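What the coordinates show
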Amino acid sequence: MRKGLPMLRSGHESGSLTPRSVEQTWRRCRNHGMSRRQFVELLSLGGCAAALAACGASPDVSGEAVQPWVKDPSPFIRYPTNLETRLELIRGFITPNDLFFVRNHAPTPHIDVETYRLRVEGDGVERPLELTYQDILDLSGQSTIAYLECAGNWRSFFAKVLGQTAAGGQWGTGAVGCASWTGCSLSAVLRLAGVRRNAVDVNLLGLDDGEFNRPMSIEKAMDPDTLLAYAMNGETLPADHGFPIRGVVPGWAGSNSVKWLGRIVVSTEKLWVRNNTTSYVLVGPDWPAERHHPADGSPITTLNIKSTLALPWPANLQRGSRVLRGFAYSPHGTIARVEWSADDDHNWRPARLLQPILEHAWVRFEFVWEARPGSHTVRVRATDARGNTQPEAVPFNEKGYLLNIPLPHPVDVA
Ligand code: MTE
């Protein structure tokens, strides 16, 4: 478990000395080679400014202290509140924690595990309860390798490829990652509280500002693969990814995998909240709202099949035989094949799939492409074991979710 940094009273320094600014200052000082002991001493003597001065870092005037994330943002494509993975930096099958994309609606909160409690409540449980972090660690644990994708991943291509701009963060292809998640099943916690037979929905609520939350059906909540995770790739869950506890809902839009989980509400009625009425819903002329239904459109649950080259957009390559690599994933089952075509030749050739090929995880693929000088487009297309494949066209939706056509990836060859 990670060691806590000292909690200082405000008034000790300027009003900006919050647990969050201490945490961020510590990260900067550590990156400059300072030991934890030195940092704690300097902090108690002269606050963050003293610690930063001692390691040669300038006091923060860059706005860094108000960054919504904790991790080092330098390997990422940055947005005001989010970090997008550059897929080409991933070397293996798993996305390392320091390269995993971050989607934050509010800044990453600092949560003290000593006082942390997870509450389970609502009219759908017989015995409302409160669990400590240790109570959750003591429950029987399991690990699942699963990809996590934001429903808005690829949104920028509505404008770049289809010429119709969708509202929201203009993600490229990197709002997706694949990690090994360890935790207990959500169903184990729900059973402790006694789920009533007429329970319908389960809402997971975060401890971030605005209490980000997203209800799921009782069936998905009771699925043995739906987790309350406390570890990611064998490490304590990082702050940006939901420390101490997050939901992991394989195959469903990333918004269901609520981070910094503070409350679980089990309801005997269908729950309508912001994130299944106005956000994370498919809205547009081809997506009419359902009748007798308070949502603006159709709420997104399951993701869809996609494949992407692990290359910058646009990519620049040297001429000659090039091995192009990428990732393919489907919420409906394992990937059966990935094909590629270049320059609209309508000749789909098979790519090689690399092991492992696991339910819930993405799969790596590669193929050799003879790169000739000039401007090209390369497309990849995945098909899963149930026969789902990427469509040639999808109806536009105003918020830009779930685009999954084979993308015409621009590649310039010198
Ligand atoms: N949980 C909380 N509490 N707050 C959030 O902003 N963002 C959601 C989900 N869980 C979010 C959250 C969205 S939209 C996505 S795509 C995933 O977290 C992203 O998880 P990550 O930041 O660990 O990659």
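The following refers to the structure shown. Bear in mind the structure is a predicted one, so any value in this text is a computation, not a measurement. The numbers attached to residues start from 1 for each chain and follow its sequence in the written order. Only residues with pLDDT of at least 70 are given local features in this predicted model, and only at 80 or more are side-chain atom pairs given and counted; all residues enter the totals for whole chains, interfaces and linings. Water and hydrogen atoms play no part in the side-chain values, which are based on all heavy atoms of the structure.

Structural notes on the sheet that holds strand β1 (residues 77-78)
- Strands pair, by our definition, only if DSSP identifies at least two bridges between them. Counting from the N terminus, the helices are the DSSP runs of H or I reaching at least four residues and the strands are the DSSP runs of E reaching at least two. The strand order across the open sheet built from three strands is β1-β2-β3, with neighbouring strands paired in antiparallel fashion. Each edge of the sheet is formed by a strand with only one pairing partner; in this case those strands are β1 and β3 (102-103).
- When strand β2 (residues 82-84) meets β3, the two strands line up antiparallel, connected through two bridges. Paired with Asn82 across the strands is Arg103, a residue of β3.

What to know about the side chain of Ser185
- Mapping Ser185 onto the fold places it in strand β7 (residues 176-185).
- Each residue is assigned to one of three classes by its accessible area relative to the maximum for its type, calculated with a 1.4 Å probe on protein chains only: buried under 20%, partly exposed between the two thresholds, exposed over 50%. The class for Ser185 is buried, based on a relative accessible area of 9%.
- Between N or O atoms, a polar contact is any pair within 3.5 Å; within protein, one atom must be a potential hydrogen donor and the other a potential acceptor, and residues adjacent in sequence are included only when both atoms are from side chains. Within the structure, the side chain of Ser185 is placed 3.1 Å from the side chain of Ser187, a separation counted as a polar contact.
- Working rule for contacts: check all heavy atoms of both residues, and any pair within 4.5 Å makes them a contact. When sequence neighbours within four positions are dropped, the list of residues in contact with Ser185 reads Gln142, Pro224, Thr226 and Leu227.

Section: the sheet that holds strand β19 (residues 335-342)
- Taken in spatial order, the five strands make up an open sheet running β17-β24-β23-β19-β20, and their pairing is mixed. Pairing within the sheet leaves two strands with one partner each, and these edge strands are β17 (315-317) and β20 (349-350).

Overview of the packing of aromatic side chains
- Each Phe, Tyr or Trp ring, with Trp reduced to its six-membered ring, pairs with another whose centre is within 6.5 Å; inter-plane angles below 30 degrees give stacked pairs, above 60 give edge-to-face pairs, and intermediate values give tilted ones. Throughout the structure, instances matching the rule amount to 13 aromatic pairs.
- Taking 5.5 Å as the distance between ring centres and 20° as the angle between the ring planes, the aromatic pair formed by Phe100 and Phe101 counts as stacked. Note on accessibility: Phe100 and Phe101 belong to one class, buried.
- Three or more aromatic residues joined by ring pairs form one cluster here, namely Tyr79, Phe100, Phe101, Trp171 and Trp181.
- Note on geometry: a ring has a charge over it if NZ (lysine) or CZ (arginine) is within 6 Å of the ring centre and within 35 degrees of the ring normal. In this structure, Lys270 packs its charged tip against the face of Trp272, placed 5.3 Å from the ring centre.
- A cation sits over an aromatic face here: Arg381 above Trp348, 4.1 Å from the ring centre.

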